[in-house]
Amino acid sequence: MKPTRFETAIALIDKKNAQDINTYQVAGINYPKELLYSQRMTRKLLQFEPNASKALQIAARAQHVCRWQIPRDDYPMDRVGYLKWRETLKKMHAEITADILKQVGYDNQYIERVTQLITKKLIKKNEESQTLEDTVCLVFLDYYFEEFAAKHEDEKVIDILQKTWKKMSDKGHEAALQLSFSDKNLSLIKQAIQG
């Protein structure tokens, strides 16, 4: 059976992310970092919102597509540099995804919808954009937070948690509190939420 446009688009995004030169180890196996991240995004999105549209699923899968091509240290290591880096990345992720969607035959209106999701133009105003943002935050909390917390002072961890919490919906908050954390990190989360 011929794969659908959607399946082909996901496969092409994965093919790009499989080229990541950076790896991330899970259970002793090295994975291309962004390929692993994109698969975690899909898994988390479908746990959080089982009826997610195909457009939202594509945007989640392409959230970090080819991210390694624009390294963080190409920009000044301050807040302004960080924000500029993030904006440049979003634009690149959206352009790469738009090219893939064109290639597999999606129309301009559909491509525009996916692009808006990836560039996060409508957070808090659009339900799908908010669902995507919640998914990004949940993936961070579920898969990367413990490691992040181990490397930073409690004060910085609380600050990042508060920023993460602000971006999330009530439904996102509920899902976040169902995740399992070490006792220490759970207490930091509680401090962050109450702060």
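The coordinates are above.
The shown structure was predicted, so the numbers you read here are calculated from the model rather than taken from an experiment. (Residues numbered from 1 in each chain as written. Predicted model: local features only at pLDDT ≥ 70, side-chain atom pairs only at ≥ 80, totals over all residues. Heavy atoms only, no water.)

Bringing the overall build of the protein chain into the picture now. If you tally the helices and strands in the protein chain, you get 9 helices and 2 strands. Mapped from its N terminus to its C terminus, the protein chain presents α and β elements in the order α-β-β-α-α-α-α-α-α-α-α. The C-alpha radius of gyration of the protein chain comes to 17 Å, within 12% of the 16 Å expected for a compact globule of 195 residues. If you line up the protein chain on its principal axes, its C-alpha atoms span 50 × 35 × 35 Å. (Helix = DSSP H or I, 4+ residues; strand = E, 2+ residues; numbered from the N terminus. Rg over C-alpha atoms; globule rule 2.2 N^0.38 Å.)

With that settled, consider the nonpolar core. Grouped together as the largest cluster of nonpolar side chains are 59 residues, with contacts concentrated most on Ile-58, Tyr-106, Val-114, Leu-141, Phe-145 and Leu-161. In terms of residue count, helix H6 (residues 127–151) provides more of this core than any other element does, 11 residues in total. In this structure Ile-58 touches Phe-6, Ile-10, Ile-13, Thr-97, Leu-101, Tyr-106, Tyr-110 and Val-114, once residues within four positions along its chain are discounted. (Core = buried A, V, L, I, M, F, W, Y, C linked by side-chain atoms within 4.5 Å. Buried < 20%, exposed > 50% of the residue type's maximum accessible area, 1.4 Å probe, protein only. Contact = heavy atoms within 4.5 Å.)

With that settled, consider the pattern of salt bridges. Throughout the structure, instances matching the rule amount to 9 salt bridges. A salt bridge links Glu-128 to Arg-113; the shortest N-O distance between them is 3.2 Å. Highlighted residues: Glu-128 in helix H6 and Arg-113 in helix H5 (residues 108–118), separated in sequence by 15 residues. Across the pair Lys-184 and Asp-154 runs a salt bridge whose closest N-O atoms are separated by 2.8 Å. Pair noted here: Lys-184 is in helix H9 (residues 183–194) and Asp-154 is in helix H7 (residues 154–167), with a separation of 30 residues, a long-range link. Taking the relative accessible area as the measure of exposure, Asp-154 reaches 34% and is therefore partly exposed. (Salt bridge = Lys/Arg side-chain N within 4 Å of Asp/Glu carboxyl O.)

Sheet topology places strand E1 (residues 23–26) next to strand E2 (residues 29–32); 4 bridges connect them, and they run antiparallel. Counterpart to Thr-23 in the pairing with E2 is Pro-32. The turn joining E1 and E2, which pair antiparallel and follow one another in sequence, is formed by 2 residues; a positive phi near 50° is taken by Ala-27. (Pairing = 2+ DSSP bridges.)

Let's shift gears to the packing of aromatic side chains. Scanning the entire structure with this criterion turns up 8 aromatic pairs. Here the aromatic rings of Phe-140 and Phe-145 are separated by 6.0 Å at their centres, their planes lie at 70°, and the arrangement is edge-to-face. In this pair, the class of Phe-140 matches that of Phe-145, namely buried. (Phe/Tyr/Trp six-rings, centres within 6.5 Å; stacked < 30°, edge-to-face > 60°.)

Turning our attention to the packing of helix H3 (residues 54–61) against H6. One way to put it is that H3 packs onto H6 with a least axis distance of 10 Å and a crossing angle of 35°. Considering only the axes of H3 and H6, their crossing is right-handed. On H6, the residues that touch Leu-56, Ala-59 and Ala-60 of H3 are Glu-128, Thr-131 and Leu-132. When the residues that make up the contact of H3 with H6 are grouped by side-chain class, the tally is 4 nonpolar, 1 polar and 1 charged. (Axes fitted to C-alpha atoms, helices over the stretch in contact; angles between N-to-C directions. Left-handed = near helix turned anticlockwise from the far one by under 90°. Nonpolar A, V, L, I, M, F, W, Y, C, P; charged D, E, K, R; others polar.)

Here His-93 lies in helix H4 (residues 79–103). Among the polar contacts made by the side chain of His-93, one reaches the main-chain carbonyl oxygen of Val-65 at a distance of 2.7 Å. Discounting residues that sit within four places of it in the chain, His-93 has contacts with Ala-62, Gln-63, His-64, Val-65, Arg-67 and Ile-118. (Polar contact = N/O pair within 3.5 Å; in protein donor to acceptor, adjacent residues only side chain to side chain.)

That is the geometry; function is a separate question.
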